[in-house]
Amino acid sequence: MSEKPGWKSLPEGDVVKAGTAAEFKTGDWRSERPVWFPERCIHCLFCWISCPDSSIIVKDQKMTGIDYDHCKGCGICAKECPVKPQKALEMKPERGEETCQK
Amino acid sequence: MASLKELSTRKDPLTGGHRMCPGCGAPIVVRQILMASKDPVVVVSATGCLEVSTTIFPYSAWTVPFLHNAFENAGATMSGVEAAYQNLKKKGKMTEHVNFVAFGGDGGTYDIGLQSLSGAMERGHDMLYVCYNNEAYMNTGVQRSGATPMGANTTTEPAGKVLQGKREWRKDLTEIMVAHSIPYVAQGIIGNWSDLTRKAEKAFSIRGPKFINVLQPCRLGWGYKPDSTLELARRAYETCVWPVYEVENGVYKISKPKEKKPVVEYLKGQDRFRHLFKPGNEKLIADIQAEVDRRWNLLLAKEATK
Amino acid sequence: MSKIVAKTGNEAMAEAMRQINPDVVAAYPITPATEIVMIFAKYVADGLVDTNFVAVESEHSAMSACVGASAAGVRVMTGTSSQGLCLMYEILPIAAALRLPIVMCDVNRAISGPINIHCDHSDTMAARDFGWLQIFSENSQEAYDSLIQAIRIAEDPRVHLPTMVTTDGFIISHCLDKIEILDDKDVTAFIGQDRKANNRLLDLKNPTSVGLLDLQDYYFEHRVPVAQAMKDSKKVILEVADEFAKKFGRKYGLIEEYKLADAEVAIVALGSTCGTAKVVIDELRAKGVKAGMLKIRVFRPFPAEEIVKALSNVKALAVLDRSDTWSAQGGQVFTEIRSAFYEAAKKPKITNFIYGLGGREIDLPQLHTVFESLKNIDKQPVVQYLGVRE
Ligand SMILES: Cc1ncc(C[n+]2csc(CCOP(=O)(O)OP(=O)(O)O)c2C)c(N)n1
Ligand code: SF4
Ligand code: SF4
Ligand code: SF4
Ligand SMILES: [Mg+2]
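Here the structure is a predicted model, which is why all the values come from computation and not from measurement.

Undergrad: Teacher, can you tell me more about the environment of B:Ser116 here?
TA: Looking at the element boundaries, B:Ser116 is found in helix α6 (residues 114-122). On the basis of relative accessibility, which here comes to 3%, the residue B:Ser116 falls in the buried class. Residues B:Ser116 and B:Glu72 lie 44 residues apart in sequence; the distance between their C-alpha atoms is 6.9 Å. Those residues within four positions of B:Ser116 in sequence are excluded, and the remaining contacts are B:Glu72, B:Asn73, B:Ala74, B:Gly75, B:Ala76, C:Glu57 and C:Ser61.

Structure (structure tokens):
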């Protein structure tokens, strides 16, 4: 509690700047993580449009990776990935390694 | 219609770091609807899972202007925002076009917020109202709503020794909105992004009140594995449990599944319907099938008559 | 140029609204406030104002739309009464917590049940704890003047709180009164052409989120600033009143003292009753009774220090409440005044009369009875109901 601002230093009203939740990490919610295999990826972006946590990173209209700081490991992206026979996204057990990293 | 590649260049309305359950469909509704807008958007949300989980002070997942007022008044609140905008525009103090989008859960839309929504639509405000419909009051722990389907287990109409979950058919809010004679009404699912973003694009191209009712599977309240959120929505479409259609200026256009599947295909994967598969409840499933068929045929007839 | 005209309280408030020319008005009809909305709607229809008028489908939606519009950054007004105000209760504290300077014309009317359309203060008093400033009016002129001042007060950065200006249903709202209407230009100059909003929802370049969920760690920090702003608003109310007096000649305070300087017996009242009471006090004074009155103009913020100071030399005091808390401890005004006197070294004996519920007339003989009772205040119960049949 002590490091949180007191009422005198909060902005007036119940207001915050847009998008501050990006600072809040939800990556440690995962029990499974999506692992991306770039060589199989056809950059259809189905994973990107389906992710509830805005955790598929797209640059220049191409899939470039997963935001493990926020990805909750729901598995929707892997399920929606259309590549056959082996998907370009596979769910793997979350191991002991650092959970919040790119 | 914008391709996924093109959509990916637009601003994501949400950041990660919100507290919706893993696999929740609600943020998918928000992303697929709002990214269809080429113009700036301003959002109002009713109280409910979406609002509560995306805006826990001081963390907001919204990258676009966002206002939450209360549970039953998203329609009225947006009426005020839009009126203010029209005033600023009239006076030349704002020039850019803005798309105003109100989100409400089924509770905040079908039930407690119906009057506020109806008023806003009737008054002709230039806004899109989106019901993210998970068919119960999820935020308060899966209570029944007017959108909950017959037979579903909820905490206020639970399946027990003598009762088998919800005893009433859900109300048809989309048709209630059609009866408002507004320019655009649609029903969609999150399992078909191209259809949903196309509907949102259509809505944004029309001035006046618009309404889209989006079926949003809730892994917690419906009881299924979180990776199946979109698949389950598609099954609702394929079984005609949740018809996907639009009504533009009174003209119906229905997306028909290639093959109409039996409702059990949809019911079976969900915990909220599990009790229906107990011996003795066969009649209930048959009733549900009959009602789904009846409503589907009614809808087809509406399309046929124009 | 200002002009003297005959107007009812509702007409006076509607006229002030025309001159204020708010950007958005969202309102719903209810007796006795309906006329304000109707007259204003006609102004809109005739192009006399630039307002976007939202004719909502309920008062709940009226206040909800006001919150939306005010959060968007524009100047917003509404008007209501009784059941309408009750329907707004859920949203009133949200407007305060979001620090939105919405200004409301509130016509005091009894709350159901039984349903009744006439004046008492129960609707407004039940809204006293929602973080709204509350200004009562003795007559149409005060209502008109206060409504104009309310815009300045509510929009002052030291305040940024919603404000309601009240009249008494029918007694003021529907009675013709001679009032001075200011020049349109003077009103505009006084209130400023536009509201200067911070944190506008419609600021597309600097997007914000407004109305977030607070858990245990922030809610308190978002409520205390409302208390602070309420406290700070006293100074602002007086500054605005001073400027108004300098420009337009009529002087207002948080309270008004009537023949209190040497008073031994006194009453406290709000609203239209104060006019009647002044007649009684003059009659008593003519008979040599040192009678006086304290009128509360501003009930929120509550002018506790000012009241204590003004009444400390009085020996016996009757507080008149036109509403009840149903606590068996008296009405809202009484309980707050009694509490204000707790620490005072010098204080009067205080008794409470609850009167005029549902528009029951308060006449000169009744007020004489009240003063009469102060002669033996020790024998009075804490609270009694005045003018009710047993
Ligand atoms: C006036 C009022 N009544 C009740 C509540 C409690 N409440 C908050 S959210 C909610 C249910 C929301 O259900 P829905 O609109 O379907 O949204 P969901 O949580 O399912 O996304 C309820 C009952 C409230 N906040 N306000
Ligand atoms: S697992 Fe879920 S949260 Fe993680 S990237 Fe895939 S869809 Fe997004
Ligand atoms: S869904 Fe699969 S193929 Fe398509 S972009 Fe994502 S990882 Fe690549
Ligand atoms: S309870 Fe359902 S709607 Fe709410 S966040 Fe969880 S999955 Fe989403
Ligand atoms: Mg719901």
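Now that the structure has been shown, we can carry on.
Undergrad: Any chance you could explain the pairing of strand β2 (residues 24-27) of chain C here in plain terms?
TA: Within a regular beta strand, the side chains point alternately toward one face of the sheet and then the other, so they alternate between its two faces. Residue and element names in this part refer to chain C. Of the two faces of β2, the one holding Val24 and Ala26 and the one holding Val25 and Ala27 are both buried throughout. Two strands pair when backbone bridges link them, and β2 and strand β3 (residues 52-55) are joined in this way by 4 bridges, in the parallel orientation. Bridge pairing links alanine 27 to alanine 55 in β3. A crossover links β2 with its parallel partner β3, the connecting element being helix α2 (residues 34-45), and its sense is right-handed.

Undergrad: Explanation requested: the site of ligand 1 in the structure shown.
TA: Surveying the vicinity of ligand 1 reveals 18 residues, the closest of which are B:Gly107, B:Gly108, B:Tyr132, B:Met138 and B:Asn139. Ligand 1 is flanked by residues contributed from chains B and C. Between B:Cys49 and ligand 1, the recorded distance is 2.9 Å, taken from a backbone N or O atom to an oxygen atom. Contact with the protein chains covers 77% of the free accessible surface of ligand 1, which is 580 Å².

Undergrad: Got a minute to help me understand the interface of chain B and chain A in this structure?
TA: Interface extent is often summarised as the accessible area lost during association of the parts. In this assembly, 36 residues from chain B lie in contact with 34 residues from chain A. Summed over both partners, the interface of chain B with chain A comes to about 3000 Å²; 62% of that surface belongs to carbon and sulfur atoms. It is B:Arg31, B:Phe57 and B:Asp227 that lose the most area in chain B upon contact with chain A, and together they represent 19% of the buried surface on that side. Counting the contacts that link chain B with chain A gives 3 salt bridges. For the pair chain B and chain A, the number of links is 18 residue pairs in polar contact (both at pLDDT 80 or more).

Undergrad: Sorry if this is basic, but what is going on with the interface of chain B and chain C here?
TA: Taken together, the contacts link 45 residues of chain B with 40 residues of chain C. Taken together, the two surfaces of chain B and chain C that pack against each other cover about 3200 Å², and 63% of this comes from carbon and sulfur. Counting the surface chain B buries against chain C, the share from its top three residues, B:Phe57, B:Asn69 and B:Arg123, is 18%. Where chain B packs against chain C, one counts 3 salt bridges. In this structure, the connection of chain B to chain C is made through 18 residue pairs in polar contact (both at pLDDT 80 or more). Only α3 (49-54), β2 (55-56), β3 (59-60), β4 (66-68), α4 (74-90) and α6 of chain B provide two or more residues apiece to the side of chain B that touches chain C. Taken together, the residues that form the side of chain B that touches chain C break down as 22 nonpolar, 15 polar and 8 charged.

Conventions we followed
Residues numbered from 1 in each chain as written. Chains lettered and ligands numbered in written order. Predicted model: local features only at pLDDT ≥ 70, side-chain atom pairs only at ≥ 80, totals over all residues. Heavy atoms only, no water. Helix = DSSP H or I, 4+ residues; strand = E, 2+ residues; numbered from the N terminus. Buried < 20%, exposed > 50% of the residue type's maximum accessible area, 1.4 Å probe, protein only. Contact = heavy atoms within 4.5 Å. Pairing = 2+ DSSP bridges. Right-handed = clockwise from strand over helix to strand, strands pointing away. Near = heavy atom within 4 Å. Polar contact = N/O pair within 3.5 Å; in protein donor to acceptor, adjacent residues only side chain to side chain. Areas by Shrake-Rupley, 256 points an atom, 1.4 Å probe, with all protein chains shown as cover. Buried area = accessible area lost by both parts, 1.4 Å probe. Salt bridge = Lys/Arg side-chain N within 4 Å of Asp/Glu carboxyl O. Nonpolar A, V, L, I, M, F, W, Y, C, P; charged D, E, K, R; others polar.

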